[in-house]
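Observations on chain architecture
Each chain, letter by letter, is given below.
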Amino acid sequence: MPAAEAEQVVAIVPESTESELDSEATTTAKAPWPLWQLALLALPQLGVQVLWAFLGPVVVEYFRYVGTSDTFGTISLLAGPIAGFVTGPAVGAWSDACTSKFGRRRPIILGGLISTVVAGIMFSLSPHMFRNNSAEIAFAVIWFCIMNVIINVMQTPHRALVSDLASEDQDVPLQVVFVFMMGIGNLIAYSLMQIWKVPVHHMLELMSIILLINIVCVGIQFLIAKEEPLVRPSVEGSDRSTCTLVVNALHGMIHAVFGQPRLLYHLAFVAVFAWVGNTAWTYFGAQWFQNVVYEGDQFAEEGSPAYAAYGQGTWAFSLGGMRHAFLSEQS
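My aim in this report is to walk through the structure given alongside it, one point at a time. (Residues numbered from 1 in each chain as written. Predicted model: local features only at pLDDT ≥ 70, side-chain atom pairs only at ≥ 80, totals over all residues. Heavy atoms only, no water.)

**A few points about the packing of helix 8 (residues 133-165) against helix 10 (residues 203-224)**
Angle between the axes and distance between the axes: these two values describe a pair of packed helices. Running from N to C, helix 8 and helix 10 point in directions that differ by 25°, and their axes come no closer than 13 Å. Taken together, the axes of helix 8 and helix 10 lie roughly parallel to each other. Helix 10 is crossed by helix 8, and the crossing has left-handed handedness. Residue-level inspection shows M147, M154, H158 and L161 of helix 8 in contact with helix 10, the latter providing M207, N214, V218 and Q221. Classifying every residue of the contact of helix 8 with helix 10 gives five nonpolar, three polar and no charged. (Axes fitted to C-alpha atoms, helices over the stretch in contact; angles between N-to-C directions. Helix = DSSP H or I, 4+ residues; strand = E, 2+ residues; numbered from the N terminus. Parallel < 35°, antiparallel > 145°, perpendicular 65-115°, else oblique. Left-handed = near helix turned anticlockwise from the far one by under 90°. Contact = heavy atoms within 4.5 Å. Nonpolar A, V, L, I, M, F, W, Y, C, P; charged D, E, K, R; others polar.)

**Concerning the pattern of salt bridges**
Under the defined criterion, the tally for this structure stands at five salt bridges. Notably, a salt bridge pairs D70 with R64, separated by 3.7 Å at the nearest N-O pair. D70 sits in the exposed class, given a relative accessible area of 52%. The partner of D164 in a salt bridge is R104, with the nearest N and O atoms 3.5 Å apart. Here R104 lies in the loop between helix 5 (79-97) and helix 6 (106-124) and D164 lies in helix 8, a separation of 60 residues in the sequence. Residue classification places D164 among the partly exposed positions, given a relative accessible area of 26%. Bridged by salt links that share partners, the residues E61, R64 and D70 form one connected network. (Salt bridge = Lys/Arg side-chain N within 4 Å of Asp/Glu carboxyl O. Buried < 20%, exposed > 50% of the residue type's maximum accessible area, 1.4 Å probe, protein only.)

**Some details on the packing of aromatic side chains**
Counted by the stated rule, this structure contains 14 aromatic pairs. An aromatic cluster is present here, built from Y62, F63, Y65, F123 and F144 joined pairwise through their rings. (Phe/Tyr/Trp six-rings, centres within 6.5 Å; stacked < 30°, edge-to-face > 60°.)

**Thoughts on the environment of S69**
In this structure, S69 sits in the loop between helix 3 (43-66) and helix 4 (70-76). Expressed as a C-alpha distance, the spacing of S69 and I137, which sit 68 residues apart in the sequence, is 9.9 Å.

**A short note on the environment of G185**
Looking at the secondary structure, you find G185 in helix 9 (residues 171-192). Between the C-alpha atoms of G185 and G47, which are 138 residues apart in sequence, the distance is 6.4 Å.

**Focus on the packing of helix 3 against helix 9**
The interhelical angle for the contact between helix 3 and helix 9, taken along N-to-C directions, is 40°, at an axis separation of 7 Å. In this view, helix 3 runs oblique relative to helix 9, as classed from their interaxial angle. Read as a crossing pair, helix 3 and helix 9 show a hand that is right-handed. On helix 9, the residues touching L43, Q45, L46, Q49, V50, A53, F54 and P57 of helix 3 are F178, M181, M182, I184, G185, N186, I188, A189, Y190 and L192.

**A look at a nonpolar patch on the surface**
Together, I75, L78, I82, F85 and V86 make up an exposed nonpolar region whose accessible area comes to about 510 Å². Ranked by the residues each element gives to the nonpolar patch, the list is headed by helix 5, at three residues. (Patch = residues over 30% accessible without salt bridge, like charges linked within 9 Å, V, L, I, M, F, W, Y side chains within 5 Å. Areas by Shrake-Rupley, 256 points an atom, 1.4 Å probe, with all protein chains shown as cover.)

**Looking at the side chain of S124**
Tracing the sequence through the fold places S124 in helix 6. Dropping the residues within four chain positions of it, S124 is found in contact with Y62, M203, L204 and M207.

**Section: unusual backbone geometry**
For E295, which is not glycine, the phi torsion reads 55° and is therefore positive. Mapped onto the secondary structure, E295 falls in the loop between helix 12 (262-293) and helix 13 (305-330). Accessibility expressed as a relative area gives 62% for E295, which makes it exposed.

So yeah, pure geometry; function would need other evidence.
See the structure below:
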C-alpha cells in the first residue's frame, strides 16, 4: 500500500446504523482535551506511516531477494489496495459496534498491533526459515498479504478514537496533527533506509525497529486514552449483530458510488490517476534509482562496484524522500 494511502482508509457506515450508534453515545457535550494530549493520542498514526512508507519502496526488491519473478512480485502488490478497500469499512463498522468493557477502539487497536508484530516478523524471517525456494516465496507472499490486512485493522480505529474524545471545535486542528504525524513517519521511514546499503538484506532488523516504534506509540496512546464502554440497549425485532453492521457498512459503501453529482465523479477520476502516479513511484521509485540510475545490483558481491552503486541508489532515493517529507511538513 502506498505511503500516503493510509490517510484514505476510512470507515463508511450506513446512515441508519451510524445514527443509532451515535444516539447511544454520551448525550452531553464533549469537554475539550488539551491539544497536546490529542496529539499523543494520534501518535500511533506516525508508527503506521513509518510501516507503510518503509514497505512501499523496499517490498519489490525484497520479493526479488526471496526469489520471486518480477511479474509475480508486482502482482503481489495488489494485496495492499484490495485489503484497504475492504478492511477499512468493515473494521470501522466492527469498531463502532464493539461493546468491550475496555472501550470500542482500544481492543481492536491492540489486536491489530499484536497481529501486525507477528506478521511483520514472519514476513521478515522468510529468507531464514526455508532452504526450498518455493516454500520461501510462498511464505513471504502469504505473510505479506496477511500483513496488509491487519495493518488496516490496527490503523482504522486510530482516528475514530481521537474523534470520539475530541470536541467539534478541535476537528480542524486534529486534521493538521494527523498530517504532521504522517509527514514525520515518512521522514523516519526514509531515514531507516540509509542504515544499510541494501535494506532488504536486513529486513528483520529494520522491521523490528519499525514494530518497536509502533508498540511505543500505541503504548503512549493507551496511557492517555479513556474510553467509556458502549452499552447498546436491546431493541425488539432488530438485528444489530456486529456481522450485520459490517455487511451494512460494505453495502452502504457500494451504494454510495451510484447517484452522485457529476462533479464528484470528475474529482474521483482525477484522484484515481493521481494515485496511479503516486503508487507507481512509491513501489518502483527506489528500484529505479538502485538498478537503473546507479546501475547497482543487490546480488553483487559485497564490496564490488555494483554493490556499492546499489547502496548509492538507495541513499539517493531515501535522501530525496526525506527532503520531500520535510518540505511537505513546512508547507
